[in-house]
Every structure is written in structure tokens, then in C-alpha cells.
Amino acid sequence: MSQATQPTTEAFLAINLDSSEILPLFENASNWQERYRQIMLLGKTLPKLDEQFRVEVAQVRGCESNAWLYHKKIEGKHYFIADSDARIVKGLVALLLTACQGKSAAEIATFDLDAYFEQLGLTGQLSPSRTNGLFALAQAIKAFSS
């Protein structure tokens, strides 16, 4: 992807999700509806991707909903911008970015999506198509950072 078709470096650095805040949100959720609500709220923390960047070349294959992913390596760390037209998917994207944003290639390579979702209490709660889409996003993040 050429530089002209990518968001600015500042846009990548502007996404600041704190992983230490995520786990307590889900640990304190007593049921699936509360966890679902937390996912939706997390999605609202991600900025909307400008229409000029919602292009086919940035779409993640394997997602039932439209999802776009951009990557930039800055000072040896990997940063991502992602968006989806589905609110629940956007929230799941926010969870993934929380785990991977600003990490090294080695940290991203060893990221275990199953263990992460087990820790958050989300294992078995998502439909098969959402789970497949989530794995497609995780694989795209790993591929960009390798």
C-alpha cells in the first residue's frame, strides 16, 4: 500500500487502548449481556475510519461484516488502525488492538487469541461466523507484524 493510501503516522499513534483497563471490565461483568455491552462500548473508543481508507485492499478477508485494517511499524513497534461497519465487530477489533497495539513482532507472534478470550470470559459466546472473522483479523495482524 502506498503512503498516500494510508492514514497518517499520528493516526496510528492516536489509538491508545490500555490493556490493564480491559480485564477488570470483563471480570466485573456478571453475565454475557454485560460483556456484550462492554464490547460495544469499547468499539465506540475507536475512531471511525475515513471513507477514503475504506477500500477493498484494506479489507480483512474472512470477516462476515466489512472490516478494514491498516498497519504501520514505528520505531520497531507495530501499530494498527482498524474499523468495521458492525458495532460488535468494531468492539472485538478494539479488544484485539488493545492486545497488540505498540507491541514487538515477537510479542504479537506469541499472542494467543484463545487464551485472551478465555481470560475475558468470551470463549464460546460468539457465533461461529464472528469467531472466524475474529481469527481472520488476528491472523492479519500477525501477518503484518511478521
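Basis of the calculations
Residues numbered from 1 in each chain as written. Predicted model: local features only at pLDDT ≥ 70, side-chain atom pairs only at ≥ 80, totals over all residues. Heavy atoms only, no water. Helix = DSSP H or I, 4+ residues; strand = E, 2+ residues; numbered from the N terminus. Buried < 20%, exposed > 50% of the residue type's maximum accessible area, 1.4 Å probe, protein only. Contact = heavy atoms within 4.5 Å. Salt bridge = Lys/Arg side-chain N within 4 Å of Asp/Glu carboxyl O. Core = buried A, V, L, I, M, F, W, Y, C linked by side-chain atoms within 4.5 Å. Phe/Tyr/Trp six-rings, centres within 6.5 Å; stacked < 30°, edge-to-face > 60°.

A. A look at the environment of Tyr79. Within the secondary structure, Tyr79 sits in strand β2 (residues 77-84). A relative accessible area of 18% places Tyr79 in the buried class. Residues Tyr79 and Ser145 lie 66 residues apart in sequence; the distance between their C-alpha atoms is 8.9 Å. Tyr79 has contacts with Phe12, Leu13, Tyr70, His71, Lys72, Ile74, Gln101 and Gly102, leaving out every residue within four places of it along the chain.

B. Representation of the pattern of salt bridges within the structure. For the structure on display, the rule yields five salt bridges. One salt bridge connects Glu51 with Lys48, and the closest N-O pair in it is separated by 3.8 Å. Exposure remark for Lys48: the relative accessible area of 56% places this residue in the exposed category. Across the salt bridge formed by Arg61 and Glu56, the nearest N and O atoms sit 3.6 Å from each other. Per residue, the accessibility class of Arg61 equals that of Glu56, and both read exposed. Here the residues in one salt-bridge network are Lys48, Glu51, Arg54, Asp83 and Lys90, joined through shared partners.

C. Main features of the nonpolar core. By size, the foremost hydrophobic cluster in this structure holds 47 residues, and its most contacted members are Leu95 and Phe117. At the level of elements, α2 (19-27), α3 (32-45), β1 (67-74), β2, α4 (87-100), α6 (113-120) and α7 (128-145) are the ones that each hand at least two residues to this core. Broken down by element, this core gets its largest block of residues, 10 residues, from α4. In contact with Phe117, other than residues within four places in its own chain, are Leu92, Leu95, Leu122, Thr123, Leu126 and Leu134.

D. Region of interest: the packing of aromatic side chains. Evaluated as defined, the whole model comprises four aromatic pairs. Both rings, one in Phe53 and one in Tyr70, keep their centres 5.8 Å apart while their planes meet at 80°; by these two values the pair is edge-to-face. One end of the pair, Phe53, is in the loop between α3 and β1; the other, Tyr70, is in strand β1, with 17 residues separating them in the sequence. In this pair, the class of Phe53 matches that of Tyr70, namely buried. Between Tyr116 and Phe117, the aromatic rings sit 5.7 Å apart at their centres with planes inclined by 80°, giving edge-to-face as the arrangement. Each member of the aromatic cluster is reached from another via a ring pair, and the members are Phe111, Tyr116 and Phe117.

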